[in-house]
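Secondary and tertiary structure notes
Now for the letters of each chain:
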Amino acid sequence: MKKKNTELEIINYMMKSFNVEMSLEDMLKNLLKKLNQIFNFTRLSLALIEDGHLFLKHVYPSALNNIKVGSEIHENKSLYWEAIKKRKAIFRTQQTKENMSYIEEETFNHLQLRSQCILPLISNGKVIGVFSLGSKKIIEYNQADQSFFQQLANQFAVCIENSRLYNEVVQSKKEWEDTFHGVQDLLVVVDTNGIIQRFNSAVSRFLQLPDDHVYGVALQSVFSLDSENENLLLNNLFKGSTVIEQISLKDNRIFDVSIFPVYHEGAEGIQGAILNMKDVTERVHMESQLLQSAKLAAIGEMAAGVAHELNSPLTAILGNSQLLLRKFDKKEQPYHMLEDIRNCGNRSKRIISNLLTFSRQDDMLFEKCSINIAIEQVISLIGYQIERQAIDLDLQLSNELPQFDGNLQQIEQIVINLLINAKDELEECTHPNKKIKVQTHLQMIDGTEWVTLNVCDNGRGIPQAKHTDIFYPFYTTKVASKGTGLGLSVSLGIAKTHGGNLEIRSEEDQGSCFLLRIPATSYDEDGEGLYGKHSSDR
């Protein structure tokens, strides 16, 4: 009776102590300790069937092993396979050995195991493996013992099968979570109240908030939506079909949002929604820039055509004014009137020439350049626009600047970007004394001479926190109709191409100053400069 109670306790212990997170080695260790209360077993081993093949998986103690764990146990002359095929336990001792030789006998003899109990593991009518118990002593098994061991094997099979199923679920869950968090788009799961229930790693990276500041928070609060986009999103959240919308966040990021309704089996109506948010800011701005570039190209072609057409009447105006000036004395009134006509004609000719130069798409050739010439040509193009805004343009150009090796058209592009930015900024200001100062000078830094251009305005200034952001592509503080956020990033790229740099010095409410520095170049008699031969010498 005491033995029977102990057997029941062992089976009960296995059922209660089974833990899906417990290793099979620990399970075998605990089981051997319990069994030795009534039987004197020396070794336990476990072999499992995988894809129709039987593999040795675990041995306890691990030192009592004659073949490598993980090895396949072949079907021919195998005691284990015989138990599997017969679906019946096999009990053997030295006295009951038959003449037939099994492949397992070599291991038993080597380990001096005199009694073996081979138990097929059957779960849901399917044999999943073999459980083997060995002893260095001879053990006589009665009918009750054999019944106990079969019950033990059945319970052990259930535990192993549950462990397998649990591990499959855990692995599937891990694969799903890895996929969920590996998606680069923002994935957000919300309930019917728009409260966030789950989100992937891309959301954490984008928001830069702790997870507990996102879980359980309203969607519109986390993503800083304005009222228009908030209404657009919430109105489409639970329509019952897939919806795709484009929304803008308060930080000017643009997202394509695909909304998928969530239904639960057995529940009525929509239980929530999954949002796939794809950042399309760069694509939208690029499309806008391409459209703008196409418009500018068309305007450039039209301007070039108009400029060529204006050259003919200007030639007649300048030629006839020159001829008429010879007929009048400088003291006469007609002479001064004709001189005004000639000067205006020359100014118009310079503007047309600069317009043609600026719109021309030449190869990227570096040659001797003057920063002052670039400024003067740009001023001839946009100086009138600046003056019309009641902005005082203060030019302080040094006459002692050396030339440098560069591309004049690209330097003009930097100047025009800086001046237009300053003009646009001052248009938003209400104070009366609007001023743009353009200054050039030679600067010595660490033994190197730099040609330096300062373009300063007395506008609202730029906060320190945005000094780096303004040089990123597509970052802009202007409204969509006035800028795409490419001017400063392109200008910085041009400056670096010339071996220089573009910097900002600004404080909020104290105006802004942009500094362009390009290394000065000393030319030898062969025209050799910082970047090699002058373009005209190539």
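The model shown is predicted, which means the values in this text are computed figures rather than measured ones. Residue indices follow the written sequence of each chain, beginning from 1 at its first position. Confidence filtering applies because this is a predicted model: local features only for residues at pLDDT of at least 70, side-chain atom pairs given and counted only at 80 or more, and all residues used for totals across whole chains, interfaces and linings. The side-chain figures draw on all heavy atoms in the structure; neither hydrogens nor water molecules are used.

Moving on, we get to the sheet that holds strand β5 (residues 126-135). To summarise the sheet geometry, strands pair through backbone hydrogen bonds and adopt either a parallel or an antiparallel arrangement. The antiparallel open sheet is built from five strands, whose spatial order is β2-β1-β5-β4-β3. For this open sheet the edge positions go to β2 (53-60) and β3 (90-93), each flanked by a neighbour on one side alone. Strand-to-strand twist across the sheet, computed as the mean angle between neighbouring axes with direction ignored, equals 20 degrees. Two strands form a pair only when DSSP identifies at least two bridges running between them. Numbering of helices and strands runs from the N terminus; a helix is a DSSP stretch of H or I covering at least four residues, while a strand is a stretch of E covering at least two. Bridge count for strand β4 (residues 115-123) against β5 is nine bridges, and the pairing is antiparallel. Following the sheet pairing, Q116 is matched in β5 by G134. Against the sheet, helix α3 (residues 79-86) makes contact with β1 (43-50), β2, β3, β4 and β5, and its axis sits at roughly 135 degrees relative to β5, the strand it touches most. Whether two residues are in contact is decided by their heavy atoms: any pair within 4.5 Å suffices. To obtain each axis, a line is fitted to C-alpha atoms, and for helices this fit is confined to the stretch in contact; angles are then taken between N-to-C directions over 0 to 180 degrees. Most of the contacts of helix α5 (residues 143-182) go to β4, to which it runs at about 50 degrees, and overall it touches β1, β3, β4 and β5.

On to the packing of aromatic side chains, then. Only rings of Phe, Tyr and Trp enter the pairing, Trp through its six-membered ring, and a pair is recorded when the two centres are within 6.5 Å. The plane angle decides the type: under 30 degrees is stacked, over 60 is edge-to-face, the rest tilted. One pass over the structure, following the stated rule, counts 10 aromatic pairs. Both rings, one in F199 and one in Y215, keep their centres 4.6 Å apart while their planes meet at 45 degrees; by these two values the pair is tilted. Of this pair, F199 sits in strand β7 (residues 196-199) while Y215 sits in the loop between α6 (201-207) and α7 (219-222), and the two are 16 residues apart along the sequence. You can call F199 buried: its relative accessible area is 3%. Only protein chains enter the area calculation, which uses a 1.4 Å probe; residues under 20% of their type maximum are buried, those over 50% are exposed, and those in between are partly exposed. By relative accessible area, Y215 is classed as partly exposed at 41%. In textbook terms, an aromatic cluster arises when at least three aromatic residues are bridged by ring pairs, as seen for F39, F41, F91, F148 and F149.

Okay, the pattern of salt bridges next. Each reported salt bridge corresponds to a side-chain nitrogen of Lys or Arg within 4 Å of a carboxyl oxygen of Asp or Glu. Scanning the model with the defined rule gives 13 salt bridges in all. One continuous salt-bridge network, built from bridges that share partners, spans K423, D424 and E427.

Our focus in this paragraph is α3. Turning to α3, its buried residues are L79, Y80, W81, A83 and I84. Tucked into the core, α3 has its buried residues touching β1, β2, β3, α4 (105-110), β4 and β5. Capping the start of α3 is the job of one residue whose side-chain oxygen sits 3.3 Å from the backbone nitrogen of Y80: S78. R87 occupies a position one or two residues after α3 and carries a positive phi of about 55 degrees. For this analysis, a polar contact is any N or O atom pair within 3.5 Å, provided that within protein one partner can donate a hydrogen and the other can accept it, and provided that sequence-adjacent residues contribute only side-chain to side-chain pairs.

Mapped onto the elements of the fold, H467 is located in the loop between β15 (448-457) and α13 (487-497). Assessed through its relative accessible area of 10%, H467 is described here as buried. In this structure the C-alpha to C-alpha distance between H467 and S506, which are 39 residues apart in sequence, comes to 8.1 Å. Other than its neighbours up to four places away in sequence, H467 contacts I462, I504 and S506.

So, about the sheet that holds strand β16 (residues 501-506). Pairing is mixed across the open sheet formed by five strands, whose spatial order is β12-β14-β15-β17-β16. In this open sheet, the two edge strands, each paired with only one partner strand, are β12 (392-397) and β16. Strand-to-strand twist across the sheet, computed as the mean angle between neighbouring axes with direction ignored, equals 20 degrees. Contacts between helix α11 (residues 371-388) and the sheet are confined to β12, β14 (435-445), β15 and β17 (512-519), with β12 contributing the most and set at about 170 degrees to the helix.

On to the packing of α11 against helix α12 (residues 408-427). Remark: α11 packs on α12, axes separated minimally by 9 Å, with the N-to-C direction vectors making an angle of 40 degrees. Put simply, α11 runs oblique to α12. As α11 runs across α12, the sense of the crossing is right-handed. For the pair formed by α11 and α12, the contact residues are I371, I373, A374, I375, Q377, V378, I379, I382, Q385 and I386 on the first element and L408, I411, E412, V415, I416, L419, I420 and K423 on the second. Under the convention adopted here, Pro, Cys and the residues Ala, Val, Leu, Ile, Met, Phe, Trp and Tyr are nonpolar, Asp, Glu, Lys and Arg are charged, and Gly plus all remaining residues are polar. Class assignment of the residues belonging to the contact of α11 with α12 gives a composition of 14 nonpolar, two polar and two charged. If an angle is under 35 degrees, it is roughly parallel; if it is over 145, roughly antiparallel; if it lies from 65 to 115, roughly perpendicular; otherwise it is oblique. In this scheme, a crossing is called left-handed if the near helix is turned counterclockwise away from the far one by less than a right angle; it is called right-handed if the turn is clockwise.

In short, geometric facts, not functional conclusions.
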